[in-house]
Amino acid sequence: MCETYKYNKEPTETNHRKICKEIMDAATSQKPWFGIEQEYTLLAQDGHPFGWPKNGFPGPQGPYYCGVGANRVYGRDVVEAHYRSCLYAGIRVSGTNAEVMPAQWEYQVGPTEGIHMGDDLWVSRYILQRVAEDFGVVVSFDPKPMAGDWNGAGAHTNFSTEPMRKPGGMEAIQNAIDKMSKHHIRHIKAYDPREGKDNERRLTGAHETSSIHDFSAGVANRGCSIRIPREVAAQGYGYLEDRRPSSNCDPYRVTAVIV
Amino acid sequence: MSKTEKQKAVLERYMRLPQPDDKIQCTYVWIDGTGEHLRSKTKTINFVPKTPKELPVWNFDGSSTYQAEGNNTDVYLHPVALYRDPFRLGDNKIVLCETYKYNKKPTETNHRKTCCEVMERAKDQHPWFGIEQEFTILDSDHHPYGWPKNGFPGPQGPYYCGVGANKVYGRDLVEAHYRACMYSGVNISGNNAEIMPAQWEFQVGPCEGIEMGDDLWMARYLLHRVAEDFGLLVTMDPKPMQIASGHGAGRSAKMGDWNGAGAHTNFSTVTMREENGIIEIERAIDKLSRHHIRHIKAYDPHEGKDNERRLTGIHETSSIHDFSAGVA
C-alpha cells in the first residue's frame, strides 16, 4: 500500500492517509480500535447484479441474508476466495456473511488499532476486486446500486478507546456520542467521496439506515446514526457503532474524523 | 472449459493458499424464523475449538431472518454442536447454534432447547433414532433436475435405487454430500435413489437423544451448500410434484402420479432393543395412538398443512386423518 505525493512533496488531494497518520499518532495513548463492516455488491460484466435474472429482479428481500442455497446467494466462490486470500495476506479479516439484497455481501476487518484500519481495509478492497477479476465478476462499492426496495451498502464503523473498553466505559462512550452529535455535517462530508452526495441515496431512514439529515443514537437500534450494541449497554462498557459511513468511503477519512 | 469449470478452477487455486495456523474459520449455522430454512455466517477464531462451549456467543439482525421486529432485533447465537468444515478443510469448523432473543428466551423456532430438556429426562431409556431424509433435486428453474424442460419423465417404476443416466438424476450431488457428511462427523448411515426421478434419500443414525436433531440439521445444511456448488437446488417440500389434472385423451392414468418426500423416523429405547422388547414397542405405539393430532402438528413446520399434501393414503403413505399401526 502506498501514499501518493506531488512533485512539490505535498500529498495529492486524495491522500488522506498522511493526516490520518498524524491524528492517530497524536491519539496513541487512547489506543483507538476500529472494526469496519465492509458491504459490497457483485455485478455481472453488464452491470446487472450477479445472479439476478437478465432484465429482471429476484423475489423480494427476506430469504437472502446469511442464506444458503443456489437460489439464495450468488457469488459465494468470490467470497470464499477473498476470505482465504486476506488471511494469507495478513489482513485482519474477522468474518463474512451474505447480506439482505441477493448478490450483496459483507466482510469485517478488525479489531485493529489506529492507522492499520485504513491500511487493511484498502488492501482488502484491492484483493476483492483482483479476486473478482479472476472470476469475471465486478465488485461495486456504490452505496445504493439498486434503487427501489433493495438495501444499500454501508461501512459501519465500530470504534472504541481504552477508557471505553474498561468497566464504567459507558460514560466515555456517551461523551464521544455527545461530541459527535455536534459535528454531524462534518462527519457526513467525510463519509463518502462526494461530501455526502453518494450517501444521500442510501441514508433514507428506511432499510435499517438513519436519515442523512438527522443525528440519532440508541441502544440496539439499527435505524440510528450511532448504535450502542445491546451487550455493551448491558455490561456498561465496550464500543460504539457509527452506521453512517458509505461502502465507498475512505477509511482514512472516517477513522480520522472520528478520532 | 465451460464457465462454471473455469470458476471452480479459479476457486481451487485460492483455496490452496495456506491458512495461518492461528486463524480458524468457524461457520455459525442456525434455523431461521420459518423453522425449515437455515442461515449461516463465518467468524475468524484464533484457536482450534475442541468443543462448542469454547466458541463465543455471537448475534445477528433477526429482522432479516423473520425472527425479530421493530427496534429490538438482535438475536443471539449459542454454539451447540461442532463439525469439521468439508468446504474449507483444514482445522476450519461449522457449528450448529441455538437462537435466543434479547430477553434470553429461545426464539419461536428454537425447538432444540425443549428437545434437550426432554432428552435429558429420558436419558436412562437411551432413546435411539434413525431418520430417512428424503429430498428432491431441482434445476435452477425449479423443475426437477434431469426432467425434460416443460415436461415429465416416464411413470414411476424404474427409478427407485436405479442405475443409469435415464434412471437417476443428480448422483454427483448425492455422492459429494455423503462424503461431506462423513468428513464433517455427521452420522450418515446410507443413501438410495428414490421412487420419483430426481428424488433421493439419505439416512442419519442411529443417534442417541439430541444428536439426532443436531446431525440431521447439519446434514441438511451440508446438502444445500453442496447443491450450491453444483448450481442446483434441493427441496425438502413433502409433495414437490402434485398429481396432475387430466392432460388430454390418450394420457395414461399414471401420468402425474408422483411420490412425496418424508422423514421416516425409526425409534427405540433400551428396553425395546432387549429380549421381549416387542411388548415395550406395542406399549409405545399404544401411547402414540392416542396423540395423533399432537404429533401431526409437530411433524411439519405448518402444523400439518404441508403434510396434508403428502399423507393421502396412497404412494406408500398413511392418511393424515387416521392413526394406524401394523407389521411390515
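Above this note sits the structure.
Please read all numbers here as calculations on a predicted model, not as lab measurements.

J.: Please give an account of the environment of Arg72 of chain A that cites residues and values.
T.: Mapped onto the elements of the fold, Arg72 of chain A is located in the loop between strand 1 (33-43) and helix 2 (76-89). Residue Arg72 of chain A is classed as buried on the basis of its relative accessible area of 17%. Considered as a pair, Arg72 of chain A and Gly62 of chain A are 10 residues apart in the sequence and their alpha carbons are 9.6 Å apart. When residues no more than four places from it in sequence are discounted, the contact partners of Arg72 of chain A are Pro63, Tyr64 and Gly67 of chain A together with His37 of chain B.

J.: Break down the pairing of strand 5 (residues 155-160) of chain A for me, citing the residues and quoting the values.
T.: Residues and elements named next belong to chain A. Counting buried residues in strand 5 gives 6 out of 6 residues, a clear majority hidden from the surface. Burial along strand 5 is two-sided: Ala155, Thr157 and Phe159 and His156, Asn158 and Ser160, pointing in opposite directions, are all buried. Bridging between strand 5 and strand 8 (residues 240-242) involves 3 bridges; their strand directions are antiparallel. Across the sheet, residue Thr157 finds its bridge partner in strand 8, namely Asp242.

J.: Can you tell me about the interface of chain A and chain B, naming the residues and giving the values?
T.: Taken together, the contacts link 39 residues of chain A with 46 residues of chain B. Both faces considered, chain A and chain B share a buried interface measuring about 3800 Å² in area, 49% of it formed by carbon and sulfur atoms. Our enumeration of links across chain A and chain B arrives at 7 salt bridges. Note that Arg13 of chain B is salt-bridged to Asp134 of chain A, the shortest N-O span being 3.0 Å. Counting only elements with at least two residues in the side of chain A that touches chain B, the list comes to helix 2, strand 2 (93-98), helix 3 (116-135) and helix 8 (230-235) of chain A. Per element, the largest residue contribution to the side of chain A that touches chain B is 9 residues, and it comes from helix 2 of chain A. Taken together, the residues of the side of chain A that touches chain B break down into 17 nonpolar, 10 polar and 12 charged. As defined by bridge partners, strand 2 of chain A adjoins strand 2 (residues 38-45) of chain B across 3 bridges and the pair is classed as antiparallel.

J.: I'd like to hear about the packing of aromatic side chains, residue by residue, with values.
T.: Scanning the entire structure with this criterion turns up 13 aromatic pairs over all chains. Relative to Trp150 of chain A, the ring of Phe57 of chain A lies with its centre 6.4 Å away and its plane at 10 degrees, an arrangement referred to as stacked. Of this pair, Phe57 of chain A sits in the loop between strand 1 and helix 2 while Trp150 of chain A is found in the loop between strand 4 (138-140) and strand 5, placing the two residues 93 residues apart along the sequence. Looking at Phe57 of chain A, the relative accessible area reads 53%, which means it is exposed. Here Trp150 of chain A falls in the buried class, since its relative accessible area comes to 8%. Look at Trp147 of chain B and Trp258 of chain B: their rings are 4.7 Å apart centre to centre, the planes differ by 45 degrees, and that puts the pair in the tilted class. Taken together, the residues span a long stretch of sequence, with Trp147 of chain B in the loop between strand 6 (128-138) and helix 3 (171-184) and Trp258 of chain B in the loop between strand 9 (233-235) and strand 10 (263-268) at a distance of 111 residues. For the pair Trp147 of chain B and Trp258 of chain B, a shared accessibility class is recorded, and that class is buried. Chaining the aromatic ring pairs together yields one cluster made of Tyr40, Tyr107 and Phe141 of chain A.

J.: Tell me about unusual backbone geometry, and please be specific about residues and values.
T.: The phi angle of most residues is negative, glycine excepted, and most peptide bonds adopt the trans form. Here the amide bond leading from Gly110 of chain A into Pro111 of chain A is cis, since omega sits at -5 degrees, within 30 degrees of zero. Of note, Pro111 of chain A is situated in strand 3 (residues 104-113). A cis amide bond links Gly205 of chain B with the next residue in sequence, Pro206 of chain B, at an omega value of -5 degrees. Within the secondary structure, Pro206 of chain B is located in strand 8 (residues 199-208). Look at Lys9 of chain A: it is not a glycine, yet its phi comes out positive at around 70 degrees. Looking at the element boundaries, Lys9 of chain A is found in the segment before helix 1 (17-26).

Procedures and definitions
Residues numbered from 1 in each chain as written. Chains lettered and ligands numbered in written order. Predicted model: local features only at pLDDT ≥ 70, side-chain atom pairs only at ≥ 80, totals over all residues. Heavy atoms only, no water. Helix = DSSP H or I, 4+ residues; strand = E, 2+ residues; numbered from the N terminus. Buried < 20%, exposed > 50% of the residue type's maximum accessible area, 1.4 Å probe, protein only. Contact = heavy atoms within 4.5 Å. Pairing = 2+ DSSP bridges. Buried area = accessible area lost by both parts, 1.4 Å probe. Salt bridge = Lys/Arg side-chain N within 4 Å of Asp/Glu carboxyl O. Nonpolar A, V, L, I, M, F, W, Y, C, P; charged D, E, K, R; others polar. Phe/Tyr/Trp six-rings, centres within 6.5 Å; stacked < 30°, edge-to-face > 60°.

So, to be careful, I would describe these as geometric facts and stop short of saying anything about function.
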